[in-house]
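# Coordinates in review
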Amino acid sequence: MKPYKFTAYQPTGKLIVEETWEFASDEEAKTKGQDKIDEKQLTEATHRLVNTSGKLILFHV
């Protein structure tokens, strides 16, 4: 399992959530990460999910 950093922001730029999630691969992070975002009801918030190299896995403005 590899760590991925998830962050979500309000329209003002204020941080809402900053968490580390673990997934087996970037592909799993993309699908299961989206599920977690939906569960947290942050789909419409500005958010990003990045791997430890800084690669964007999910991004929404």
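Look up: the structure comes first, before these words.
Anyway, here's the lowdown on the structure attached to this text. (Residues numbered from 1 in each chain as written. Predicted model: local features only at pLDDT ≥ 70, side-chain atom pairs only at ≥ 80, totals over all residues. Heavy atoms only, no water.)

### With respect to the pairing of strand β4 (residues 56-60)
- Sheet topology places strand β3 (residues 46-51) next to β4; four bridges connect them, and they run antiparallel. Paired with L49 across the two strands is L58, which belongs to β4.
- In this structure, the hairpin formed by β3 and β4 is closed by a connection of four residues, where G54 is found at a positive phi of approximately 90°. (Pairing = 2+ DSSP bridges. Helix = DSSP H or I, 4+ residues; strand = E, 2+ residues; numbered from the N terminus.)

### Examining the pattern of salt bridges
- One pass over the structure, following the stated rule, counts three salt bridges.
- The residue E19 makes a salt bridge to K40 at a minimum N-O spacing of 3.2 Å. Taken together, the positions of E19 in strand β2 (residues 15-23) and K40 in the loop between α1 (26-39) and β3 put the pair 21 residues apart, joining distant regions of the chain.
- For E19, a relative accessible area of 26% corresponds to the partly exposed category.
- A relative accessible area of 38% means that K40 is categorised as partly exposed.
- Its salt-bridge partner being K32, residue E28 comes within 3.4 Å of it at the nearest N-O pair. Placement of both E28 and K32 in helix α1 is noted, with a separation of four residues, approximately one turn of the helix. (Salt bridge = Lys/Arg side-chain N within 4 Å of Asp/Glu carboxyl O. Buried < 20%, exposed > 50% of the residue type's maximum accessible area, 1.4 Å probe, protein only.)

### Focus on the nonpolar core
- Formed by 13 residues in total, the largest nonpolar core has its most connected members in F6, L42 and L49.
- When residues of this core are traced back to their parent elements, those giving at least two are β1 (2-9), β2, α1 and β4.
- Apart from the residues within four sequence positions on either side, L42 is in contact with F6, A8, I16, V17, I37 and H47. (Core = buried A, V, L, I, M, F, W, Y, C linked by side-chain atoms within 4.5 Å. Contact = heavy atoms within 4.5 Å.)

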